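Inside the fold
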Amino acid sequence: MAWQSVSKFITFSVLVLLLGACAGGSDGSSGNAEPAPDQDQTNAEPLADQVTISGSPFVGSTLTGTYAYSDDDGDLEGATSFRWLRNTQPISGATDASYLLVREDADSNISFEVTPIASTGETSGDAKSTSVYIQNSKPIASDLFVTGSSSFVGTTWYANYTYEDVDGDLVDFSVYQWLRDGVVISGATSASYTLTATDSGKLISFDVYVLAITGSITGTTVTSPAYRVENSAPTASDLTMVSNSASALLGVTITAQYIYSDLDLDIEAGSLIRWFRDDVLIDGANDHTYLLSAVDSEHLIHFSVTPIAEAGVTTGSQVYSTSFQAVPVEYAGTGQSLGGGDSKGVALGDLDGDGDLDMAVVNDFSGGNKIYLNDGASTFSEPLQSIGTDNSEAVALGDMDGDGDLDMVVANDNFYKSKIYLNDGSAIFTGSGQEIETSSSVDVVLGDLDGDGDLDVIFVKHFGGNDIYMNDGSGVLGDAVQSIGDDKEGDTIALGDVDGDGDLDMIVGNVNFSSTDETRLYLNDGNGVFSTSSVSLGLNVNSHIELGDLDGDGDLDMIIANLSRYVSSPNRVYINDGSGVFSILEQSLDDFESTSLALGDVDLDGDLDCITDDSIYINDGSGTFTKLNFPFRNSSKTSVITLGDVDGDGDLDIVVAVDGGGNEVYINRL
C-alpha cells in the first residue's frame with residue numbers, strides 16, 4: 001500500500017514484555033512491568049587551580065597571574081575574569097592577567113584573583129587567588145657626570161647625578177668618594193673636588209650611593225665615567241720692573257721680574273723675555289735685564305714674558321708688563337717744608353758768601369719775608385731774619401749798591417710801597433731807607449737798562465702802568481723815569497735782548513680778570529727808554545713769562561704760562577726770528593692754570609727744558625717739548641718756581657714757593 005503524506009501527527013506506544021512472562025506471572029500476578037527509578041544528570045562547574053604570581057615584587061615591575069583551568073564535563077574555557085587587590089581591596093581598573101606595580105603598592109600585599117568561566121554547561125566557577133608582598137625599593141643614583149670650568153689642575157669639579165626612588169621616598173643624603181685612576185683619593189669625600197698637581201694626566205671619577213629618608217634607605221654604590229685631567233700650560237704673573245737705582249733715568253739697568261707658576265708643578269725652563277720701546281720690539285733685547293740708553297729717552301719701555309716649562313704643556317701665553325717712561329731727569333723731594341705762610345715769590349742766590357745758593361722768600365701778610373741759608377747740601381736753616389710786614393708779591397736779588405753781595409728788591413701790593421733791602425755780606429738785610437713811590441706792584445725785575453753797568457729796576461703793576469727806575473750805582477733809585485702800559489693790567493715781566501741790538505727789552509704779561517688781554521713787547525732804545533713794539537704776541541691770560549734760546553739759534557724765544565680759570569688756554573711756546581718777531585708753535589705745553597714756569601737745562605743735554613707747577617717738559621733741542629708722564633710733585637698749588645744747584649752737584653734743582661703751605665725743595669737725581 002502506498003504512503004500518503006498527511007498533515008497529522010502519528011504516535012505510538014510499545015508494550016515490552018519480559019521474556020518468560022506469561023499472561024499470569026508465576027506468582028499469579030497480572031504480569032504488567034514496573035518502571036525503573038530516575039537518574040541525576042547535573043553539569044559540573046569549571047575550576048581554576050594552581051593560581052600563582054610571577055614577576056619582581058618591587059614598584060615599577062609587572063606582575064603576571066597564572067592558573068590552570070579545568071572542567072569535568074569538558075566544557076571549554078570562556079571569558080575567565082581577573083582582579084588584582086591591594087590589601088584585600090580591589091584595585092580600580094586592574095582586571096587583566098598582568099599588573100604594573102605603582103608607588104602605592106609598596107609595603108602592601110598584592111593579590112591575584114581568577115574566576116574561571118566555561119563557554120558551555122555550568123559556566124562560572126569559584127574564584128581562586130594568591131598574594132605576594134611588595135617590597136620597598138632601594139633609592140638609585142643614575143646619570144652620573146662631572147661639571148667644572150676646565151679640566152686643568154686647580155679647577156674644582158662637582159659630582160652630579162639623578163636621584164630616583166620608585167617608592168617616592170625622599171633623599172636624605174649622599175655619600176661620595178673621588179677616585180684617581182680607580183684608586184680612592186684620601187679625604188676626597190665631598191660633592192666637589194679640586195684638582196691637584198697629582199691628578200695631572202690622570203683619570204678622575206667618583207662613587208656615590210644615596211640614602212633615602214624612609215623605606216629601603218641605602219642605595220647601591222655606582223661609579224661615574226672617568227674624566228682625564230689635562231696638563232696645563234705654565235703661566236707668568238705679577239710682572240714688574242726694578243731699577244738698580246730706584247729710578248727710570250738713562251743709564252740705569254732695569255730688571256724684569258715675574259712669578260712663574262705651573263699648576264702641574266712642571267719646572268721652568270728658560271722662559272722667553274722680550275723688551276719693547278713704544279710697543280715696538282727692541283732687537284736683541286731678550287735678557288732679564290735692560291740698560292736704558294739715550295735712544296730710550298722719553299719713550300715708553302716695557303717687557304713681555306712667555307713662560308716655558310720643562311715637561312707637560314711646555315709653552316704658556318705671552319704676557320706683558322705695564323710701561324714706564326725712560327727719563328733723562330728725575331727729581332726727589334728733600335722732605336723739608338720751609339715756612340707755612342702764603343708765599344708769593346722766591347729767589348736763589350749766595351746771600352752769605354759761602355759759595356752755595358740760599359733762598360729769599362716773600363710772603364703775603366704772613367709775618368714778613370724770610371731768608372733761608374743753605375748748608376751746601378740742600379738743607380736750609382730756619383729763617384735768620386724776618387724782613388718787612390708788607391703785602392709782598394715778588395722778589396729779585398742783585399748787587400744794587402755795588403759792594404759785591406746780593407741785595408733784595410721786593411714788590412709790594414695793595415698800596416704798600418716797594419722796598420730795597422741791603423745785604424751786609426752775611427745775609428743780614430736792612431732797609432735802604434727809600435720809599436719807592438710805586439704801589440700795587442705784583443712783579444719786579446732787575447737789569448742794566450741804560451748800559452751804565454748797574455742794576456736798574458722795573459716794577460709791574462696791576463694798574464697805573466709799569467714803572468721804570470734807574471739806579472745811580474749805590475742802590476738809590478730816585479723817581480720813576482718812565483711808566484709804560486698804563487692801559488693794561490700787568491702781571492708778569494721778562495727782560496732780554498729780543499731784537500739783537502745789545503740792550504734789554506721787556507715783555508709784559510697782562511691779565512684782565514674777566515677776559516684775555518694782550519701780551520706786549522716793549523723795545524729799549526739802549527738808554528732805558530722803552531717804546532711799544534708793533535709785534536703782536538696774542539691775547540693771553542698770563543701768569544708767568546720766561547725767555548731763553550729754545551731752538552738753539554742764538555736768539556731769545558719765549559714760553560708763556562697761562563691761567564685757564566679765565567679762559568681755556570694752555571702754556572704756549574713762541575719762537576723768535578732774531579729781530580723780536582715771534583711766531584707761536586703749533587704745540588702747546590698742555591698744563592692749564594699754571595701759575596709759574598722756569599727754564600733750565602735739567603737733563604744736562606745742552607738745551608733749555610721747561611718746568612711748570614708740577615710737570616717737566618724735555619726739549620729736543622729744536623724747541624719741541626715732551627712731557628714726562630709723571631709729575632715731580634703731587635700738588636699743583638704753586639706761586640713761583642725757580643731753578644738752581646742747591647746741593648752743589650752740578651745739575652739744576654727745583655725750589656717751589658707755595659701759596660698756602662710750606663715751601664719745597666726737589667733734588668735732581670742726575
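Residues numbered from 1 in each chain as written. Predicted model: local features only at pLDDT ≥ 70, side-chain atom pairs only at ≥ 80, totals over all residues. Heavy atoms only, no water.

A separate point is the overall build of the protein chain. Within the protein chain, the regular secondary structure consists of 0 helices and 53 strands. Over its C-alpha trace the protein chain gives a radius of gyration of 58 Å, far above what one expects of a compact globule, namely 26 Å for 670 residues. Dimensions of the protein chain, computed from C-alpha atoms along their principal axes, come out at roughly 210 × 65 × 55 Å. Contacts spanning at least 24 positions in sequence make up 52% of the contacts within the protein chain whose residues lie at least 6 apart. Taken together, the 24 basic and 108 acidic charged side chains of the protein chain have centroids lying 11 Å from each other. (Helix = DSSP H or I, 4+ residues; strand = E, 2+ residues; numbered from the N terminus. Rg over C-alpha atoms; globule rule 2.2 N^0.38 Å. Contact = heavy atoms within 4.5 Å. Lys, Arg positive; Asp, Glu negative; His and termini not counted. Charge placed at Lys NZ, Arg CZ, Asp CG, Glu CD.)

Further remarks concern the sheet that holds strand 32 (residues 429–431). Reading across from one edge, 29-30-31-32 is the order of the 4 strands in this open sheet, with antiparallel pairing throughout. Edge strands, defined here as strands with exactly one partner in the open sheet, are strand 29 (392–398) and strand 32. Averaged over all pairs of adjacent strands, the angle between their axes in this sheet comes to 25°, without regard to strand direction. (Pairing = 2+ DSSP bridges. Axes fitted to C-alpha atoms, helices over the stretch in contact; angles between N-to-C directions.)

Looking at the assigned domains, one finds that the protein chain contains domain 1 (47–134), domain 2 (140–229) and domain 3 (235–326). Summarising the inter-unit geometry, the C-alpha centres of domain 1 and domain 3 are found 86 Å apart. (Domains from an automatic or database assignment.)

Right, let's get into the pattern of salt bridges. The tally for this structure, following the rule as stated, stands at 9 salt bridges. Across the pair Asp105 and Arg86 runs a salt bridge, and its minimum N-O distance is 2.6 Å. Of the two residues, Asp105 is situated in the loop between strand 5 (98–100) and strand 6 (109–115) and Arg86 in strand 3 (residues 81–86); the sequence distance between them amounts to 19 residues. Exposure remark for Asp105: the relative accessible area of 0% places this residue in the buried category. Of the charged contacts in the structure, one is a salt bridge between Asp467 and Lys461, with a shortest N-O distance of 2.9 Å. (Salt bridge = Lys/Arg side-chain N within 4 Å of Asp/Glu carboxyl O. Buried < 20%, exposed > 50% of the residue type's maximum accessible area, 1.4 Å probe, protein only.)

Here we come to the sheet that holds strand 28 (residues 386–387). The pairing of strands in a sheet comes from backbone hydrogen bonds and takes either a parallel or an antiparallel form. Pairing is antiparallel across the open sheet formed by 4 strands, whose spatial order is 25-26-27-28. Looking at the sheet topology across the chains shown, the edges are occupied by strand 25 (343–349) and strand 28. Summarising the sheet, strand 25 and strand 26 (residues 358–363) pair through 6 bridges and their orientation is antiparallel. Opposite Ala347, over in strand 26, you have Ala360 as the bridge partner.

What follows covers the nonpolar core. Counting 37 residues, the largest nonpolar core has Trp275, Tyr331, Ile611, Ile616, Phe632 and Ile654 as the members making the most contacts within it. Broken down by secondary-structure element, the contributors of at least two residues to this core are strand 16 (235–243), strand 17 (253–261), strand 18 (272–277), strand 21 (300–306), strand 49 (616–619), strand 51 (640–644) and strand 52 (653–657). The leading source of residues in this core is strand 17, at 4 residues. Setting aside chain neighbours within four positions, we find Tyr331 in contact with Val602, Ile616, Phe632, Leu652, Asp653, Ile654, Tyr666, Ile667, Asn668 and Arg669. Of all hydrophobic cores here, the second largest spans 17 residues; its members include Trp157, Ala159, Leu195 and Phe206. (Core = buried A, V, L, I, M, F, W, Y, C linked by side-chain atoms within 4.5 Å.)

Here the focus is the environment of Ala236. Mapped onto the fold, Ala236 is located in strand 16. Taking relative accessible area as the criterion, Ala236 reaches 10% and is therefore assigned buried. For the pair Ala236 and Ile259, spaced 23 residues apart in the sequence, the C-alpha separation amounts to 5.5 Å.

With that out of the way, let us pick up the pairing of strand 49. Across the two faces of strand 49 the burial is the same, with Ile616 and Ile618 and Tyr617 and Asn619 all buried. Of the pairings in the sheet, the one linking strand 48 (residues 609–611) to strand 49 comprises 2 bridges and is antiparallel in character. Across the sheet, residue Ile611 finds its bridge partner in strand 49, namely Ile616. Hairpin connection between strand 48 and strand 49: a loop of 4 residues separates the two successive antiparallel strands. Note that strand 49 and strand 50 (residues 625–627) share 3 bridges and pair antiparallel. Bridging from a neighbouring strand, Ile618 pairs with Thr626 of strand 50. In sequence, strand 49 turns back onto strand 50 through a hairpin of 5 residues, with Gly621 there showing a positive phi of about 100°.

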